[in-house]
Amino acid sequence: MTTAFAPYDLGGIRLSNRIVMAPMTRSRAYGPGGTPTELMTTYYAQRASAGLVVTEGTQPSAVGQGYPDTPGIHSAEQIAGWREVTDAVHAEGGVIFLQIMHTGRVGHPSLMGLAPVGPSAVTAQGQVYTHEGPQDFVTPHELTEAEIARTIADFAAAARNAVEAGFDGVELHGANGYLIHQFLAPNSNRRTDAWGGSPERRIRFAVETARAVAEAIGGDKVGFRLSPGNPYNDIDESDRTDVEATYTALVDALAPLGLAYLHQMEAPGIRDLVVRLRKAWPGTFVLNPFTGMEPTGPDELTLVEDGTADLIAYGGLFLANPDLPARLAAGGPFNSPDRATSFGGDHRGYTDYPALG
């Protein structure tokens, strides 16, 4: 029986185990223009015992930023800052992918002096946190054909920058209501051209972006994250028939690209779809399982053992336990995450969680 503690071959990259540190926004890129800092280097190096570390969402362009103090990967300074992170993780024997996240309509002009963009001029319901506090979402600028092409090119350039910064690969964030997900969802994508309407047209931006990034750095260095049915950031995928048609078409279209992995963030009540997509996907399948209000824990290790997933992703528990694989192997104990320090701040609730003695 394969366990989560067994090594794994990820497209020629040896992972020491099958436990993934899930991407988590921490909002501590305090360097100029969203440059990673020494504190971030410490944070990621502490967690290098994961089989695979996936970084927090990192914007491929200035307009792709939706939250304060998130890092970018579109300037020389950012590349240099990330190089410090990758060097430190590799020195600890770790493997690290950069998550590329364009937030699309999720953002505010006060953050970057630019209007957020989206597939359609549809305002998300809710608020976004800014340096001035929570503010209502604004109506995004609807991307033109030429702007869509430039945005896809930004993703490809960001991937090349990530390789220059020493990353082992990248993960495209197609989940949680951000730009790629906005194209997939019918309530945020109301286009009537070749980029919207039917499931086959709504998946086009995701597929074209993945293809461009794979061509830029090699498909074996590209992961893709998705979250069917996840309502976060005012996404409405409540029509189960449409969800199944959309994501089946998406997985079928991504499969020929030879990507490193498919990473599914599970929404409530869709384990049957998880299983079907896993069977349809020809390569490595990573699952960030739905566990209610509790962080993914030791019980979810069995999802690797029973074949539901090849790799299992942990978020909150990895935030609070830098040596999580060792703690899972020992059956605990586990530090509890301090949610008050999740976003922004200093080392507290970031690099001061204790490791096992």
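Keep in mind that this is a model prediction, so the values were computed, not measured.

Cut-offs and rules
- Residues numbered from 1 in each chain as written.
- Predicted model: local features only at pLDDT ≥ 70, side-chain atom pairs only at ≥ 80, totals over all residues.
- Heavy atoms only, no water.
- Phe/Tyr/Trp six-rings, centres within 6.5 Å; stacked < 30°, edge-to-face > 60°.
- Helix = DSSP H or I, 4+ residues; strand = E, 2+ residues; numbered from the N terminus.
- Buried < 20%, exposed > 50% of the residue type's maximum accessible area, 1.4 Å probe, protein only.
- Contact = heavy atoms within 4.5 Å.
- Salt bridge = Lys/Arg side-chain N within 4 Å of Asp/Glu carboxyl O.
- Polar contact = N/O pair within 3.5 Å; in protein donor to acceptor, adjacent residues only side chain to side chain.

J.: Just checking my understanding: could you explain the packing of aromatic side chains for this structure?
T.: The relation between two aromatic rings is expressed through the spacing of the ring centres and the mutual angle of the planes. One pass over the structure, following the stated rule, counts eight aromatic pairs. Aromatic pair Y44 and W82: ring centres 6.2 Å apart, planes at 50°, arrangement tilted. Of this pair, Y44 sits in helix 1 (residues 38-46) while W82 sits in helix 2 (residues 76-91), and the two are 38 residues apart along the sequence. As far as burial versus exposure is concerned, Y44 and W82 are alike and both buried. Their ring planes at 65° and their centres at 5.4 Å tell us that W82 and F167 sit as a pair that is edge-to-face. A residue pair is termed long-range when its members are at least 10 positions apart, and W82 in helix 2 and F167 in the loop between helix 4 (145-164) and strand 10 (169-174) qualify at 85 residues. By the burial criterion, W82 is buried, and F167 matches it.

J.: Would you explain the environment of R271 in this entry?
T.: Mapped onto the fold, R271 is located in helix 9 (residues 271-280). The class for R271 is partly exposed, based on a relative accessible area of 32%. Residues R271 and G66 lie 205 residues apart in sequence; the distance between their C-alpha atoms is 30 Å. Residues contacting R271, with those up to four places away along its chain left out, are E266, P289 and L303.

J.: Explanation requested: the pattern of salt bridges in the structure shown.
T.: If you walk through the whole model with that rule in mind, you get twelve salt bridges. For D272, the salt bridge is made with R276, and the minimal N-O distance between the two is 3.8 Å. With a gap of four residues between them, D272 and R276 both fall in helix 9, about one helical turn apart. Taking relative accessible area as the criterion, D272 reaches 38% and is therefore assigned partly exposed. Exposure remark for R276: the relative accessible area of 38% places this residue in the partly exposed category. Each of the salt bridges in this network shares a partner with another, and the network as a whole consists of R240, E244, D272 and R276.

J.: Can you walk me through the side chain of T35 in this structure?
T.: Relative to the elements of secondary structure, T35 occurs in the loop between strand 3 (19-21) and helix 1. T35 gets classed as buried once you look at its relative accessible area, which sits at 8%. Within the local environment of T35, its side chain forms a polar contact with the backbone oxygen of P32, the two atoms lying 2.5 Å apart. When sequence neighbours within four positions are dropped, the list of residues in contact with T35 reads A29, Y30, E77, Q78 and G81.

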